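Summary of the model geometry
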Amino acid sequence: HMVIGELTSPTNIQFTRAATTNAGITVTLDWFVPEFTSGVSVQRGRISLNASTTNLVIKSVDTSQSFVTWSRRSDDVTYSSDEFAHLKLVQPTSLQAVIQAASTESGAWQVITFSGGSTVQRGVVRQAAATSISVISLPAVATNASVVLHHYMTVGDIGGNASQSSMRGTLRNGTTLVLLREST
């Protein structure tokens, strides 16, 4: 049910999922490849989630102008605590993946760095088990020139109920970010 998508050459996108547990399940993938002709650099690679914390060394980036995106695959048939991992830029030369339970799964990551006036704000919020919404105050951003990207992980078993850990984020206005969990 989780699929890795990665650019493997200038003309090829490869999507990979676990064949053993997902046999017979049709997955529809919507994809896009933005290309920037200037002002953007991208580093990419693979990561194994075989420890609760995994650190990767990358080429140095300006953390105020860089962010991480990633995709991963899962061998599990149902959602559990090892489905949701968090990948973050912790230093200019270091990525860190944190997962509640070590697994045999892997992911494909990208560090995107913008130059020339772009900024990236970041933070961490922890939602208690009974909390479905977090409202976060931000320094002002232009909503017509900003996007919300987030990664999340669970602490504790979700018992196969993905809606308890599935999150969506939206800018309510130029100073308010809302993170909403589907159910508690």
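Before any of the text, the structure's been laid out above.
The notes below deal with the structure included here.

Reading the values: rules and limits
Residues numbered from 1 in each chain as written. Predicted model: local features only at pLDDT ≥ 70, side-chain atom pairs only at ≥ 80, totals over all residues. Heavy atoms only, no water. Core = buried A, V, L, I, M, F, W, Y, C linked by side-chain atoms within 4.5 Å. Buried < 20%, exposed > 50% of the residue type's maximum accessible area, 1.4 Å probe, protein only. Helix = DSSP H or I, 4+ residues; strand = E, 2+ residues; numbered from the N terminus. Contact = heavy atoms within 4.5 Å. Pairing = 2+ DSSP bridges. Axes fitted to C-alpha atoms, helices over the stretch in contact; angles between N-to-C directions. Patch = residues over 30% accessible without salt bridge, like charges linked within 9 Å, V, L, I, M, F, W, Y side chains within 5 Å. Areas by Shrake-Rupley, 256 points an atom, 1.4 Å probe, with all protein chains shown as cover. Salt bridge = Lys/Arg side-chain N within 4 Å of Asp/Glu carboxyl O. Polar contact = N/O pair within 3.5 Å; in protein donor to acceptor, adjacent residues only side chain to side chain. Phe/Tyr/Trp six-rings, centres within 6.5 Å; stacked < 30°, edge-to-face > 60°.

Details of the nonpolar core
Soluble globular proteins: nonpolar side chains tend toward being buried together. One finds I58, W70, L87, L95, W109 and V111 to be the most contacted residues of the largest nonpolar core, which totals 14 residues. Of all the elements in the fold, those that place two or more residues in this core are β5 (66-72), β6 (85-91), β7 (94-99) and β8 (106-114). Sequence-distant contacts of I58, that is, excluding residues within four places in its chain, are made with Q43, L89, P92, T93, S94, L95, W109 and V111.

Concerning the sheet that holds β8
If you trace the 3 strands from one edge of the open sheet to the other, you get β3-β8-β5, paired in antiparallel fashion. Either end of the sheet is taken by a strand with one partner, and the two such strands are β3 (40-48) and β5. Strand-to-strand twist of the sheet, defined as the mean angle between neighbouring strand axes without regard to direction, takes the value 20°.

Thoughts on the pairing of strand β10 (residues 167-173)
Alignment of β10 against strand β11 (residues 176-181), held across 6 bridges, turns out to be antiparallel. Bridge pairing in β11 places T170 opposite V178. From the end of β10 to the start of β11, which pair antiparallel, there are 2 residues.

Describing a nonpolar patch on the surface
Judged by side-chain polarity, L7, F15, I25, V27, L29, W31 and V33 come together as a nonpolar surface patch covering roughly 590 Å² of accessible area. Structurally, V27 is set in the loop between β2 (12-16) and β3. Here V27 falls in the partly exposed class, since its relative accessible area comes to 31%.

Overview of the pattern of salt bridges
Within this structure, the stated rule accounts for 1 salt bridge. One salt bridge connects R46 with E6, and the closest N-O pair in it is separated by 2.6 Å. Pair noted here: R46 is in strand β3 and E6 is in strand β1 (residues 4-9), with a separation of 40 residues, a long-range link. Overall, E6 belongs to the buried group, its relative accessible area being 17%.

Topic: the environment of Q65
Structurally, the position occupied by Q65 is in the loop between β4 (53-57) and β5. Residue classification places Q65 among the buried residues on the basis of a relative accessible area of 17%. Along the sequence, Q65 and F114 sit 49 residues apart, while their C-alpha atoms lie 5.5 Å from each other. Residues within four places of Q65 in sequence aside, it is in contact with I112, T113, F114, S115, G116, G117, S118 and V120. In terms of polar contacts, Q65 uses its side chain to reach the backbone carbonyl oxygen of S118, at 3.2 Å.

Points about the sheet that holds β4
The sheet built from 3 strands is open, its strands ordered β4-β7-β6 with antiparallel pairing. Strand pairing shows two members of the sheet lacking a second neighbour, β4 and β6, which therefore form its edges. Averaged over all adjacent pairs, the angle separating strand axes in this sheet is 20°, with direction ignored.

With respect to the side chain of Q96
Considering the arrangement of structural elements, one finds Q96 in strand β7. Q96 sits in the buried class, given a relative accessible area of 19%. Setting aside its immediate chain neighbours within four residues, Q96 contacts T53, T54, N55, H86, L87, K88 and V90.

A closer look at the packing of aromatic side chains
One pass over the full model with this rule turns up 2 aromatic pairs. Between F36 and F114 the ring centres are 5.5 Å apart and the planes differ by 80°, which places this aromatic pair in the edge-to-face class. Highlighted residues: F36 in the loop between β2 and β3 and F114 in strand β8, separated in sequence by 78 residues. We classify F36 as partly exposed; its relative accessible area is 42%. Taking 5.9 Å as the distance between ring centres and 15° as the angle between the ring planes, the aromatic pair formed by F67 and F114 counts as stacked. Of this pair, F67 sits in strand β5 while F114 sits in strand β8; the two residues are 47 residues apart in sequence, bridging distant segments of the chain. Of the aromatic side chains, those joined through ring pairs into one cluster are F36, F67 and F114.

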